[in-house]
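So the chains spell out like this:
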Amino acid sequence: VTGVQTCALPIWSIAYGYYTKPGVPKQYAIDRYPNECVEMSFYEHLAFQYIRHHPAGKAKLAALSMQLLWQPAAIETTGRPGAGTSLDAARGIVEPAYMMVLYAFAFAGLFAAPRAFVVLALLLLAYQTACAAAFVGATRYRIAWDFLLALLAAAALARAAERLRARRERAA
């Protein structure tokens, strides 16, 4: 298809999400092309209708999305590289253990990092959590923000190292 696709298409294209070349009957599937603009409008409408008519269902989905966002284990997907190998063991054991330690040190970092950074980090993490609640939450969306947790954890480790060094100097 050449040119720009528009959303002003016949109503049947909303049901099928496709349109045909000009002059070609719609029943010839070989000449059909996807119309992503119409599909997006159609599914956006359905999503808003669901939220409007099922607010409790959306609240449950929001809670599930937040749980999926912050769970330490990655969500397993089909067709992933390394399935059935030691890489799966790392996904199922090593990564959750690493994230639990990171969460613990990041929590300690809330009391060790400078207040301005803690406020900024909490605001950004709250923003990410709100986005997950509104749309979808999964580990892959959290990974971009894990550096904030690592910086908070580093602040906690730095404070612990300072205290240990000071204790050793007093003992010597």
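Look a little higher up for the structure.
We now examine the overall build of the chain. Across its full length, the chain carries seven helices and two strands. Among the 172 residues that make up the chain, the fraction classed as buried is 23%. Counting only contacts in the chain whose residues sit at least 6 apart along the sequence, the fraction spanning at least 24 positions is 62%. As displayed, the chain has an accessible area near 11,900 Å², and 68% of this comes from carbon and sulfur atoms.

Right, let's talk about the packing of helix α3 (residues 55–70) against helix α5 (residues 115–134) for a bit. The interhelical angle for the contact between α3 and α5, taken along N-to-C directions, is 135°, at an axis separation of 7 Å. Of the possible angle classes, the one that applies to α3 and α5 is oblique. The chirality of how α3 crosses α5 is right-handed. Facing α3, whose interface residues are K58, A62, S65, M66, L69 and W70, α5 presents L125, Q128, T129, A132, A133 and A134. Taken together, the residues that form the contact of α3 with α5 break down as eight nonpolar, three polar and one charged.

For the rest of this paragraph, the subject is the pattern of salt bridges. Across all of its chains, the model carries one salt bridge by this definition. For the salt bridge of D146 with R142, the shortest nitrogen-to-oxygen distance reads 2.9 Å. In this structure D146 comes out as buried when scored by relative accessible area, which is 14%. You can call R142 buried: its relative accessible area is 0%.

On the surface, F48, Y50, I51, L61 and L64 cluster together to form a nonpolar patch covering roughly 440 Å² of accessible area. Of all elements in the fold, only α2 (36–53) and α3 reach the threshold of two or more residues within the nonpolar patch. Counting residues per element, the nonpolar patch draws most heavily on α2, which supplies three residues. Looking at where Y50 falls in the secondary structure, it is placed in helix α2. By relative accessible area, which is 34% here, Y50 ends up partly exposed.

Within the secondary structure, R142 is located in helix α6 (residues 139–142). At 3.2 Å, the side chain of R142 and the backbone oxygen of L69 are in polar contact. Among the polar contacts made by the side chain of R142, one reaches the side chain of Y103 at a distance of 3.3 Å. Apart from the residues within four sequence positions on either side, R142 is in contact with L69, W70, Q71, E95, M99, Y103 and Q128.

A word on helix α4 (residues 86–109). For α4, spanning 24 residues, the distance from its first C-alpha to its last is 32 Å, which sits close to the expected 34 Å at 1.5 Å a residue. Along α4, the helix axis deviates most sharply at V94, where the bend reaches about 30°; the proline P96 sits within four residues downstream. Among the residues of α4, D88, P96, M99, L102, A106 and G109 are the ones counted as buried. On its buried face, α4 sits against α5, α6 and α7 (146–171).

This part covers the side chain of S65. Relative to the helices and strands, S65 resides in helix α3. Apart from residues lying up to four places away in sequence, S65 is in contact with A132, A133, F135, V136 and G137.

Turning our eyes to something else, we now look at the packing of aromatic side chains. Counted by the stated rule, this structure contains three aromatic pairs. Ring geometry for F107 against F111: centres 5.4 Å apart, planes inclined by 80°, an arrangement best described as edge-to-face. Assessed through its relative accessible area of 56%, F111 is described here as exposed.

Analysis parameters
- Residues numbered from 1 in each chain as written.
- Predicted model: local features only at pLDDT ≥ 70, side-chain atom pairs only at ≥ 80, totals over all residues.
- Heavy atoms only, no water.
- Helix = DSSP H or I, 4+ residues; strand = E, 2+ residues; numbered from the N terminus.
- Buried < 20%, exposed > 50% of the residue type's maximum accessible area, 1.4 Å probe, protein only.
- Contact = heavy atoms within 4.5 Å.
- Areas by Shrake-Rupley, 256 points an atom, 1.4 Å probe, with all protein chains shown as cover.
- Axes fitted to C-alpha atoms, helices over the stretch in contact; angles between N-to-C directions.
- Parallel < 35°, antiparallel > 145°, perpendicular 65-115°, else oblique.
- Left-handed = near helix turned anticlockwise from the far one by under 90°.
- Nonpolar A, V, L, I, M, F, W, Y, C, P; charged D, E, K, R; others polar.
- Salt bridge = Lys/Arg side-chain N within 4 Å of Asp/Glu carboxyl O.
- Patch = residues over 30% accessible without salt bridge, like charges linked within 9 Å, V, L, I, M, F, W, Y side chains within 5 Å.
- Polar contact = N/O pair within 3.5 Å; in protein donor to acceptor, adjacent residues only side chain to side chain.
- Expected span 1.5 Å × (residues − 1).
- Bend = angle between axes of the 7 residues up to and from the residue.
- Phe/Tyr/Trp six-rings, centres within 6.5 Å; stacked < 30°, edge-to-face > 60°.

Interpretation note: all reported values are geometric properties and have no functional meaning in isolation.
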